[in-house]
Amino acid sequence: TTSAASSRPATADSLVSLERRAAYEIPTGTQEIIADGALVFKNSSDFPVHIRKVKPVFEGGGSGLEVVGIKIAPLRSPGDEPTGIQRKFPPNKAVADRWQDAEGATVEPESIVMAYELIIGFRVQAGTHHVTGIQIEFEADNVAFQSEFSHNLTLCRMENPSSTAC
């Protein structure tokens, strides 16, 4: 048990990204769903926090891009590899048995769970879309907080997606 005098309370900065900055461009075909597991983060406070809402931030509004689901999975040990980006949602990975809906999930302190992976499923209906951030609204001890993580994902719809860039 941690004493109140030495504990790290939950704040808007409690959720900390563990990812290096990277940019992804992914062309997609008809009805293809992309799993974006590029956000891995930890709870740096000493208290659990509860996710209320997760929202991708789009440059230009995101019309023509559908969010088909948002999941979270704990990464409990160095052997738990993050999903990353895959062409299937939810993707097949070893942590699949621990995936749950992100909204309503509890994020334990890093002393209990090493990290978490946020996995968002996207389907491009039309056009090219830039996801520039991910907002997470969460609460701890009945106090609401919001964090926004920088993100750099471009998704585009192509009839025959043979290239690796949009």
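See the structure printed just above.
Within each chain, residues carry numbers counting from 1 in the order of the written sequence. Two thresholds apply to this predicted model, a pLDDT of at least 70 for residue-level local features and 80 or more for giving and counting side-chain atom pairs, whereas whole-chain, interface and lining totals are computed over all residues. Neither water nor hydrogens contribute to the side-chain values; these are computed over all heavy atoms in the structure.

### With respect to the overall build of the chain
1) Next: Helix numbering and strand numbering both begin at the N terminus, where a helix is a DSSP run of H or I of at least 4 residues and a strand a DSSP run of E of at least 2. When its secondary structure is counted, the chain shows zero helices and 11 strands.
2) Next: In terms of C-alpha radius of gyration, the chain reaches 17 Å, essentially the compact-globule figure of 15 Å for 166 residues.
3) Next: Considering only C-alpha atoms, the chain reaches an extent of 60 × 35 × 25 Å along its principal axes.
4) Next: Here the chain, with 166 residues, has 43% of them falling under the buried criterion.
5) Next: Look at the contacts in the chain between residues 6 or more apart in sequence, and 79% of them connect residues 24 or more apart.
6) Next: Areas reported as accessible are Shrake-Rupley estimates using a 1.4 Å probe. Residue values count occlusion only from the protein chains shown. For the chain, the computed accessible surface area is about 8,600 Å², with 46% contributed by carbon and sulfur atoms.
7) Next: In this count, Lys and Arg are taken as positive residues and Asp and Glu as negative ones, while His and the chain termini are left out. Think of each charge as sitting on NZ of Lys, CZ of Arg, CG of Asp or CD of Glu. Side chains of the chain give 15 positive and 21 negative charges; the mean places of these two sets differ by 3 Å. For the radius of gyration, the atom set is restricted to C-alpha positions; the globular benchmark scales as 2.2 Å times the number of residues to the power 0.38. Relative accessible area decides the class of each residue, using a 1.4 Å probe on protein chains only: under 20% of the type maximum gives buried, over 50% gives exposed, and in between gives partly exposed. Between two residues, a contact is recorded if the distance between any of their heavy atoms is within 4.5 Å.

### Considerations on the nonpolar core
One recurring pattern in soluble globular proteins is that nonpolar side chains are buried together.
1) Next: What makes a nonpolar core is a set of buried Ala, Val, Leu, Ile, Met, Phe, Trp, Tyr and Cys residues whose side-chain atoms join them at distances within 4.5 Å. Ranked by internal contacts, the top residues of the largest apolar core, which has 30 residues, are F41, L118 and I136.
2) Next: Counting only elements with at least two residues in this core, the list comes to β3 (33–43), β4 (49–59), β5 (65–75), β9 (115–124), β10 (128–140) and β11 (143–157).
3) Next: Core analysis: the second largest hydrophobic core is formed by six residues, I33, A35, F89 and I119 among them.

### Quick word on the environment of R123
1) Next: Following the sequence through the fold, R123 ends up in strand β9.
2) Next: In sequence terms R123 and Q31 are 92 residues apart; their C-alpha atoms lie 6.5 Å from each other.
3) Next: Among the polar contacts listed, one links the side chain of R123 to the side chain of Q31, at a separation of 3.4 Å. Polar contacts here mean pairs of N or O atoms no more than 3.5 Å apart (in protein, one a potential hydrogen donor and the other a potential acceptor; neighbouring residues in sequence count only if both atoms are side-chain atoms).

### Here we look at the state of the cysteines
1) Next: Whenever a pair of cysteine sulfur atoms sits within 2.5 Å, that pair is classed as a disulfide. This model, assessed by the stated rule, comprises one disulfide.
2) Next: In this model, C156 is linked to C166 through a disulfide, with the two sulfur atoms separated by 2.3 Å. Taking the torsion about the S-S bond as the criterion, the C156 to C166 disulfide, at about -90°, is left-handed. Of this pair, C156 sits in strand β11 while C166 sits in the segment after β11; the two residues are 10 residues apart in sequence, bridging distant segments of the chain.
3) Next: The class for C156 is buried, based on a relative accessible area of 3%.

### Description of the sheet that holds β4
1) Next: Should DSSP find at least two bridges between two strands, the strands are regarded as paired. Taken together, the five strands give an open sheet; going across it, the order is β2-β11-β10-β4-β8, and neighbouring strands pair in mixed fashion. Two strands lie at the open edges of the sheet, namely β2 (24–28) and β8 (106–107), each paired on one side alone.
2) Next: Pairing analysis gives 12 bridges linking β10 to β11, with the strands arranged antiparallel. Across the sheet, E139 pairs through a bridge with A144, a residue of β11.

### Some thoughts on the pairing of β11
1) Next: For β2 and β11, the ladder comprises five bridges, and the chain directions are parallel. Among the inter-strand pairings, I26 is bridged to a residue of β11, identified as L155.

### Looking at the side chain of S44
1) Next: Mapping S44 onto the fold places it in the loop between β3 and β4.
2) Next: Excluding its chain neighbours within four sequence positions, the residues that come into contact with S44 are R8, D13, S14, V16 and E110.

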